[in-house]
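Tertiary structure, described
The chain contents come next:
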Amino acid sequence: MSNSLSLSERINRVAPSATLAVDSKAKAMKAQGVDVIGFGAGEPNFATPQDIVAVAAEAVVDPKNYKYTPTAGLPELRAAIADKTLRDSGYEVKPEQVVVTNGGKQAVYETFQLLLDDGDEVIIPTPYWTSYPEAVKLAGGKPVEVFAGADVNFEPNVADLEAARTERTKAVIITSPNNPTGAVWSEETIRGIGQWAVEHGIWVVSDEIYEHLTYDGVRTTYVGAVVPEVRDQLIVLDGVAKTYAMPGWRVGWMVAPEPVAKAAAKLQGHMTSNVNNIAQRAALAAVAGPLDAVARMREAFDKRRGIIVSALNDIEGVYCPTPEGAFYAFADVRGLLNRPVGPNGLEFETSSDLAAALLDEAHVAAVPGEAFGAPGYMRFSYAVADDQIVEGMRRFKEWAEAKRV
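For the structure given in this document, a descriptive report is provided here. (Residues numbered from 1 in each chain as written. Predicted model: local features only at pLDDT ≥ 70, side-chain atom pairs only at ≥ 80, totals over all residues. Heavy atoms only, no water.)

1. As for the pattern of salt bridges
One pass over the structure, following the stated rule, counts 24 salt bridges. For R191, the salt bridge is made with E187, and the minimal N-O distance between the two is 2.3 Å. Note that R191 and E187 are positioned in helix α8 (residues 187–200) at a spacing of 4 residues, about one turn of the helix. Given a relative accessible area of 27%, R191 falls into the partly exposed group. One continuous salt-bridge network, built from bridges that share partners, spans D35, E391, R394, R395 and E398. (Salt bridge = Lys/Arg side-chain N within 4 Å of Asp/Glu carboxyl O. Helix = DSSP H or I, 4+ residues; strand = E, 2+ residues; numbered from the N terminus. Buried < 20%, exposed > 50% of the residue type's maximum accessible area, 1.4 Å probe, protein only.)

Here it is in structure tokens:
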């Protein structure tokens, strides 16, 4: 391809979504008749609650939903999200601070487009959700990884963040409950990051989409609640996908200082305009409604958490700490690397190679740690049926511990 017909350097620098790639390959294998157990995608296997679906069904036949609506979101949905912020996070925001987006990913993308100039740096605690560094790169920014392993509950400490800070540092990301690790960062950690950001004039981007999925009496700490002075430099990312089992509805949002929200609406006006009105009506029913269905799903996730963590720790060479939030088990598989594994006795240098073989040979799909900046680990989503977890872990153990003649 000639230079005049080549793609931009910007898009060529961006890696594809590894989580979606694993899920796509697993689905393709299933379509070919292969019995694959998929632990790749981070989506609840529950149906969206029926009362939410019923509201959407009514909205389909209401002509008011057939027209363009405000780019930043339906006014009543923005108001409901502001009310939900007070209910769940414990502090007040105005509806004018809310921008409704096409899923949480659009809120992530827009955030970095708004904040970053070329060369600006974003500190990303690692392991990270796979799309963060790519969204930073798309905005011309530079991701700066700060790793924290299982020995410290995957929680970054302020000293390490400070060591990574430069004069180009523009933002830091908080993700708690965390994807991919399932860790719920302590109040001390989140308070420390918030205060550090205030001291140095750094934006805080807080991804709170797993806020209601915590276990063992652990609660989500909201940086905007424990560090009130950070709110003028805080952008909260959230959505209905995880809490209400609505990933396919594609409704997310950001809550930000008003100037940021206005800028986001301006950007969105040139991208997508308003989010689908039917989906917004469904999201309104979810956000304004009770959390009863969420509690039932959390109970099921909690049971599955116990099953998968126990099973992973029963596999020779695998160690998995117990996650306190989200619906992911983040297993250390370094004990399976660089030694014969599987019925063919192959040796794998990376968790990426290990995950590929696990899918091809045992028909178990998981996401390798390389996708999250954490080589040597693998992420297993337990937002799948109980019997699928049991069977998938049986296959993994049988494959990993296969006796070779």
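2. As for the sheet that holds strand β4 (residues 142–147)
Strands sit in the order β2-β8-β7-β6-β5-β3-β4 across an open sheet of 7 strands; the sheet is mixed. One side of each edge strand has no neighbouring strand; the edge strands of this open sheet are β2 (98–101) and β4. Averaged over all neighbouring strand pairs, the angle between strand axes comes to 20°, with direction disregarded. Pairing geometry for strand β7 (residues 234–239) and strand β8 (residues 252–255), over 4 bridges, is antiparallel. Following the sheet pairing, L237 is matched in β8 by M254. Running at roughly 165° to strand β5 (residues 169–175), α8 makes contact with β3 (121–126), β5 and β6 (203–207) of the sheet. (Pairing = 2+ DSSP bridges. Axes fitted to C-alpha atoms, helices over the stretch in contact; angles between N-to-C directions. Contact = heavy atoms within 4.5 Å.)

3. What about the nonpolar core?
Membership of the largest hydrophobic core comes to 61 residues, with the highest contact counts inside it found for I81, I123, V172, V204, V223 and V240. With 7 residues, helix α11 (residues 277–288) is the largest single contributor of residues to this core. Sequence-distant contacts of V172, defined by excluding residues within four places in its chain, comprise I123, L161, I193, W196, I202, W203, V204 and V205. Listed in part, the 42 residues of the second largest apolar core include F348, L354, M378 and A383. (Core = buried A, V, L, I, M, F, W, Y, C linked by side-chain atoms within 4.5 Å.)

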